[in-house]
Amino acid sequence: VSPPGELLDSEVAERVLARGLVHGGEFAEVFAERRAGLTLAIDESRIESVQAGAEEGAGVRVLSGGTTYFAHVDGLDPADLERAAGEAAAALRGDRAEPQPLRAEAPSPQPIEQRPEQIPAVRKAALLRELDERARAAGEEIAQATASYAEARREVAVANSDGLLSGDDRTRVRIGAQVVARRGDRVETGAETLGAARGFELFDGDPAAIARSAAGKALTLLDAGPAPTGSMPVVVGGGFGGVLFHEMTGHGLEADHVQKGASVYAGKLGETVAQPLLTAYDDGRLPGEWGSDAIDDEGTPTRKTRVIEDGHLVGYLHDRQSAERDAVPPTGNGRRESFRHLPIPRMTNTYIAPGEAEPEAIIGEVERGFYAVSFAGGQVDPATGDFVFGVSEGYLIEGGRVTRPCRGATLVGNCLQALAAIDAVGNDFWMKTGICGKGGQKVPVGTGQGHVRIAALTVGGTA
Amino acid sequence: VSLPGIASAAVERALTAGAGDAEAFASEAENREVRVHGGEVESLTAATQRGLGLRVWIGLRVGYGYGTDLSADGLASIAARATEAARAADEDEFAKAPHPDGEPSVVAGLSDPSRAEWSPAALVELTLAVERSALEADARVAAVEQAVYFDSAERVAISSSAATGGEYETTSCYAYLQALADGESGRETGLGFGLARGPADLDPAAIGREGAEHAAEMIGSTKPASRNCPVVLDPTVAASFVGLLGKAAGAGAVQRGRSPLAESLGEQIAAETLVLYDDGLDSAGFAAAPIDAEATPRRRTALIEAGRLQTFLHDSYTARRGGAASTGNAGRAGYRTPPGVSASNLVVAPGTASLAELLHEAADGVYVDDVAGLHSGVNPVTGVFSVGASGRAIRGGEKAEPLREFTIASDLVSMLRAVRTVGSEPRWVPFGGSVSAPPLLIGEMTVSGS
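Residues numbered from 1 in each chain as written. Chains lettered and ligands numbered in written order. Predicted model: local features only at pLDDT ≥ 70, side-chain atom pairs only at ≥ 80, totals over all residues. Heavy atoms only, no water.

Draft legend 1. Fine view of the overall build of chain A. Within chain A, the regular secondary structure consists of 10 helices and 23 strands. Over its C-alpha atoms chain A spans a radius of gyration of 24 Å, differing by no more than 12% from the 23 Å that the globule rule assigns to 463 residues. The dimensions of chain A, computed from C-alpha atoms along their principal axes, are 70 × 55 × 35 Å. Going through the 463 residues of chain A one by one, you find that 63% of them count as buried. Intrachain contacts of chain A at a sequence separation of at least 6 include 74% that bridge at least 24 residues. Per element, the accessible surface of chain A, about 16,000 Å² overall, is 49% carbon and sulfur. (Helix = DSSP H or I, 4+ residues; strand = E, 2+ residues; numbered from the N terminus. Rg over C-alpha atoms; globule rule 2.2 N^0.38 Å. Buried < 20%, exposed > 50% of the residue type's maximum accessible area, 1.4 Å probe, protein only. Contact = heavy atoms within 4.5 Å. Areas by Shrake-Rupley, 256 points an atom, 1.4 Å probe, with all protein chains shown as cover.)

Shown next, in the form of structure tokens:
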């Protein structure tokens, strides 16, 4: 584990911060980053698209009277950093302000047992070949299989004029399998992923099981009929089903949306937004989870934040600036895609806490409805609350039983109504990985829940 | 050291490291961004960014390395990463360095030198004008979530051991805002945007007005009844679907059997009235350039004429594999990713019908202003889609009450075949590619609401 000083020398940081405040401002910050990554893929049973890279650079921001002045540069030479500070300060006009002396902190990063970059490429290729073989072995109707492997390491250091100097060393690995099944003119696809803020030890078990699972989804869809249309009860599966909560509630709890009145959850703190059976968290400290880090990208230690407690809205997700505006402590949600981006409030791992219902009973109580096991993705407009989800694996529920697979279903609805309509939360629970986009920045996030039922939601099918 | 100098030094390093052939792509950009909210500047960004990507061939294996350290040592590291990557790849009989032929195309108007004369203060004023215009356009507009201006001046240099390489420079800018309007049923949002080569060609008042109109017109919106009916696609929505079509027409997806157009060369995939070009030479589109990402000259390619699919889009790899010639469609997202087939600017040839005439012809249907969930609601292999939508009812041949929370569903080819009339007023849209599209009247589509 390297202390932040290895990436960002404290004397250099102090000079950069002083330079940033040379024309005034209340706050200056330097964020330094070194990132390295490797990706490879298998397609047509051939290892290809092998890509390896390394980047480093820094972003400097100066805050003055509600305005952020930001500059970023490639490279970590002290001269580059000072140049960035000079550019950030260039548009400011005022008297010199003085930064506080730096106090170095060394938070413990997520532990990594097997550093991925030390694993020979042939083992990564072998892992992909195993995924490929497993997918193709799933049946004669498997027409194609592709799989990908990605590893990334981000070492970050952040120093600010309040005297903070901290850092983090983040490693993530992820594999994915995509399968195409064909029967006559029918073509269907299935996908599955496995990822974590861990090392190569993530693949110690049976990682290729995801290829079998992806193939199973595609094969199941070959038998799928058209999705139903109209308003009906919808049971959402666990794991990546949590992306529904991520979109319809999580984004609306990010404090930047709230403070601009661009969230349907604005002004609702303390109010009832869901039935008493619902409690939800954002937790950036969950060991090894995809959205976990030791600190956020402003140096605030990550934490577990309860956002909904027994149906009441109890918290928003803050970065440093939004927390100051609301006069509350930051929640460790100030994240950025890279040194080339400004931090904004973002989710980490967001999940609905396990409830008491048995998953079988959640489905068994539905006379006619839709079972959305997993999603291809979703989108929300936090200001209006309108959301849409593409269902990648869905089934019809008839007479309390899952009867047949459906293809091409989309769920549309409004956040507040759909959240209030959750009338069952399962006692099963697991997390999945996601990549979340906001304001042109992508960050890794975890989503999770057990089975959850929404009493009424619009299913837009192809029927 | 000049950018072309850096690129050719990287190629030399790769050959020294054991590559049989190498191709370097170096880019350097100066970016500025202004964000305003409530009449105040939220953030002001000034940035430079440089990077280099190196594609190497060792025998029939290809690998890729990239980095931001462009010193001699840095280039050596990139070369080492790229050659190591190639050694981890399997052999591919079609993996060879491109040998582009032909002179770079001459494309005027890629760069607006007056961009540099705009001070940060002037750009702030422009962005504030965007916000102000939205607030003044309609009393129901309560606020603007944010108004954003962004510009970039980018230089690109490509060097190859197998070909001449090339270099060019472009500028681009855009501004957009998200307006918030208040109605009895809650907040509505509306997007307004504009793009140009330089800030002088942006119209801040028009951008603000567009956002305001979109937000205000959604007040009081309801869910439509489910039915099959004529649908008019706004140019922004038409462009999003055309972007998907461009992906489907890429030979990479076709050769690997993952395109809904895989078996459709020469077939009727759209109504006769639909004509679509891939035009890498139209400088109004941001994908225009003298050369593509492999230094093959950009060109104009007819994709759909009289409704028939004329060709697939090729880079050097798919051309060699498919026994065709590159169409100059090697694209890349930046120095971090290797070239791959992608559309340049997709241009739908405008028809003769005004929007009023399209609405009149539709008579009773739905005008789709916006779609959501394109990345999750479309099956790229089959082209089957179901996406969230909002817009207006069409009654008596005119736009009527606002509609939300419905979906439209079809598949790409069926939708294109159902195009009844092509509008006469195109617009450049930057979502999901660079597309110029007019409004389109689709004879019938499935609309799912209540």
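Next comes the rest of the description.
Draft legend 2. Expanded view of the packing of helix α1 (residues 3-16) of chain B against helix α2 (residues 72-88) of chain B. All names here are of chain B. The interhelical angle for the contact between α1 and α2, taken along N-to-C directions, is 50°, at an axis separation of 9 Å. Viewed along their axes, α1 and α2 adopt a mutual orientation that is oblique. The two elements α1 and α2 cross, and the hand of that crossing is right-handed. Here Ile-6, Ala-9, Ala-10, Arg-13 and Ala-14 of α1 lie close against α2, whose contacting residues are Ala-72, Leu-75, Ala-76, Ala-79 and Thr-83. Counted by class, the contact of α1 with α2 contains eight nonpolar, one polar and one charged residues. (Axes fitted to C-alpha atoms, helices over the stretch in contact; angles between N-to-C directions. Parallel < 35°, antiparallel > 145°, perpendicular 65-115°, else oblique. Left-handed = near helix turned anticlockwise from the far one by under 90°. Nonpolar A, V, L, I, M, F, W, Y, C, P; charged D, E, K, R; others polar.)

Draft legend 3. Fine view of unusual backbone geometry. Unusually for a residue other than glycine, A:Asp310 sits at a positive phi of about 50°. Given the relative accessible area of 43%, A:Asp310 is considered partly exposed. Located in the positive-phi region is B:Ala295, a residue other than glycine, with phi close to 70°. With respect to the element layout, B:Ala295 can be found in the loop between β8 (276-279) and β9 (300-305).

Draft legend 4. Local environment of helix α3 (residues 120-137) of chain B. With 18 residues, α3(B) extends 26 Å from end C-alpha to end C-alpha; this agrees with the ideal 26 Å at 1.5 Å per step. Every buried residue of α3(B) is accounted for by B:Leu123, B:Val124, B:Leu126, B:Thr127, B:Leu128, B:Ala129, B:Val130, B:Glu131, B:Ser133 and B:Ala134. (Expected span 1.5 Å × (residues − 1).)

Draft legend 5. Inspection of the sheet that holds strand β21 (residues 430-438) of chain A at higher detail. Residue and element names in this part refer to chain A. Sheet architecture is open: six strands sit in the order β12-β11-β10-β15-β22-β21, paired in mixed fashion. Unpaired on one side and paired on the other, β12 (312-313) and β21 mark the two borders of the sheet. Judged from the three bridges that link them, strand β15 (residues 349-352) and strand β22 (residues 441-449) form a sheet pairing that is parallel. Within the sheet, the bridge partner assigned to Asn-349 lies in β22 and is Gly-446. Packed onto the sheet, helix α6 (residues 243-253) meets β10 (280-283), β11 (304-309), β12, β15, β21 and β22 and runs at close to 50° relative to β21. (Pairing = 2+ DSSP bridges.)

Draft legend 6. Fine view of the interface of chain A and chain B. Contact residues are listed per partner, giving 64 residues for chain A and 62 residues for chain B. Approximately 4,900 Å² of surface area, both sides summed, lies buried where chain A meets chain B, with 46% of it carried by carbon and sulfur atoms. There are 10 salt bridges connecting chain A and chain B. Between B:Arg258 and A:Asp43 there is a salt bridge whose closest N-O contact spans 2.6 Å. For the interface between chain A and chain B, the tally reads 35 residue pairs in polar contact (both at pLDDT 80 or more). (Buried area = accessible area lost by both parts, 1.4 Å probe. Salt bridge = Lys/Arg side-chain N within 4 Å of Asp/Glu carboxyl O. Polar contact = N/O pair within 3.5 Å; in protein donor to acceptor, adjacent residues only side chain to side chain.)

Draft legend 7. The pairing of strand β9 (residues 230-236) of chain A, seen in detail. Residue and element names in this part refer to chain A. Taking burial as the measure, the seven residues of β9 include five buried ones, the bulk of the element. Across three bridges, the pairing between β9 and strand β16 (residues 368-381) is parallel. Looking across to β16, one finds that Val-235 is bridged to Tyr-371.

Draft legend 8. Spatial organisation of the packing of aromatic side chains. Residue and element names in this part refer to chain A. For the structure shown, the criterion picks out 14 aromatic pairs over all chains. Ring centres 6.0 Å apart and planes at 55° place the aromatic pair Tyr-149 and Phe-200 in the tilted group. Placement of the pair is Tyr-149 in strand β5 (residues 142-160) and Phe-200 in the loop between β7 (186-196) and α5 (209-222), with a sequence separation of 51 residues. The exposure classification of Tyr-149 matches that of Phe-200, with both residues buried. An angle of 55° between the planes, with centres 6.1 Å apart, marks the rings of Tyr-149 and Phe-203 as tilted. Pair noted here: Tyr-149 is in strand β5 and Phe-203 is in the loop between β7 and α5, with a separation of 54 residues, a long-range link. (Phe/Tyr/Trp six-rings, centres within 6.5 Å; stacked < 30°, edge-to-face > 60°.)

Draft legend 9. Seen up close, the environment of B:Glu136. By the secondary structure assignment, B:Glu136 is in helix α3. With 76 residues separating them in the primary sequence, B:Glu136 and B:Ala212 have C-alpha atoms 8.7 Å apart.

Draft legend 10. Structural view of the environment of A:Leu92. Residue and element names in this part refer to chain A. Tracing the chain through its elements places Leu-92 in the loop between α3 (78-89) and β4 (103-104). On the basis of relative accessible area, Leu-92 is assigned to the buried category, the value being 4%. Excluding residues within four positions of it along the chain, Leu-92 makes contact with His-23, Gly-24, Val-62, Ser-64 and Tyr-69.

Draft legend 11. Examining the environment of A:Ser338 more closely. You can see A:Ser338 is positioned in the loop between β13 (334-335) and β14 (344-345). Each residue touching A:Ser338, except ones within four places of it in the same chain, is listed here: A:Phe31, A:Glu33, A:Arg35 and A:Arg154.

Draft legend 12. Highlighting helix α4 (residues 121-136) of chain A. Residues and elements named next belong to chain A. In a regular helix each residue adds 1.5 Å, so 16 residues correspond to 22 Å; α4 covers 23 Å between its end C-alpha atoms and thus fits that length. Residues of α4 that are buried include every one of Lys-124, Ala-125, Leu-127, Leu-128, Leu-131, Asp-132 and Ala-135, and no others. Axial view of α4: buried residues confined to an arc of 155°, hence all on one face. Seen from the open side of α4, the exposed residues pointing more than 90 degrees away from its buried face are Val-122 and Glu-133. Where α4 is buried, its residues contact β1 (27-43), β2 (46-64), β5, β6 (164-183) and α5. (Arc of directions from axis to C-beta.)

Draft legend 13. Region of interest: the sheet that holds strand β18 (residues 427-429) of chain B. Residue and element names in this part refer to chain B. Judged by pairing direction, the sheet is mixed, and its six strands sit side by side in the order β10-β9-β8-β13-β19-β18 without closing on themselves. Strands with a single pairing partner mark the edges of an open sheet, and in this sheet they are β10 (308-309) and β18. Where β8 lies against strand β13 (residues 345-348), three bridges are found, and the strand directions are antiparallel. Bridge assignment links Asp-278 to a residue of β13, and that residue is Leu-346. Its contacts with the sheet put helix α5 (residues 235-248) on β8, β9, β13, β18 and β19 (434-437), and the angle it makes with β19 is roughly 125°.

Don't take any of this as a statement about function, it's just geometry.
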